[in-house]
Amino acid sequence: MSVIITDTCINCAACIDECPVQAIVDEDDNPTGEEIYYVYADKCVECVTYHDVPACAEACPTEGCIVWGEPTEGMPHSETRQSSGTPVID
Ligand code: SF4
Ligand code: SF4
């Protein structure tokens, strides 16, 4: 995994254009069928080389909505990464 958007997402769209690698899709394109935004783990680079903290979480107005997932093998890992399930930004 990478970062994960949780079910507290309010579909506000603040995150989607902030992602430098187009890893985020909206509720219409969520492959799980959930009515929330979704991050593709095989695309998310945790904003490494782009930003100091994940830009999606920084833009998100919903407290604790975006959390760390498990690191994805072969993908960049942020130095600020916390344990899985921890909010990226409180
Ligand atoms: S952490 Fe960065 S790369 Fe990953 S989904 Fe959020 S904005 Fe995109
Ligand atoms: S910014 Fe947060 S609440 Fe808004 S769509 Fe993205 S994850 Fe959902």
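See the structure shown above.
All of these numbers come straight from a predicted model, not from anything done at the bench.

Peer 1: How would you summarise the environment of Thr-6 if you had to cite specific residues and measurements?
Peer 2: Relative to the elements of secondary structure, Thr-6 occurs in the loop between β1 (3–5) and β2 (24–25). With 81 residues separating them in the primary sequence, Thr-6 and Pro-87 have C-alpha atoms 9.8 Å apart. Every residue in contact with Thr-6, bar those within four places of it in the chain, is listed here: Cys-65 and Val-67.

Peer 1: Describe the site of ligand 2, naming the residues involved and giving the relevant values.
Peer 2: Surrounding ligand 2, one finds 14 residues, the nearest of these being Cys-9, Cys-12, Ala-14, Cys-15 and Cys-60. Across the shell around ligand 2, the residue classes break down as 12 nonpolar, two polar and no charged.

Analysis parameters
- Every chain's residues receive numbers from 1 upward, in the order its sequence appears when written.
- Ligands are numbered from 1 and chains lettered from A, in the order in which they are written.
- Where totals are concerned, whole chains, interfaces and linings use all residues; where local detail is concerned, this predicted model gives features only for residues with pLDDT of at least 70, and gives and counts side-chain atom pairs only at 80 or more.
- Every helix listed is a DSSP run of H or I at least four residues long, and every strand listed is a run of E at least two residues long, numbered separately from the N terminus.
- What counts as a contact here is a pair of residues whose C-beta atoms, placed from the backbone, lie within 7 Å.
- In this text, near has one meaning. A residue is near a molecule or strand if its C-beta atom, placed using the backbone, is within 6 Å of it.
- Polar here means any residue outside two lists: the nonpolar Ala, Val, Leu, Ile, Met, Phe, Trp, Tyr, Cys and Pro, and the charged Asp, Glu, Lys and Arg; Gly therefore counts as polar.

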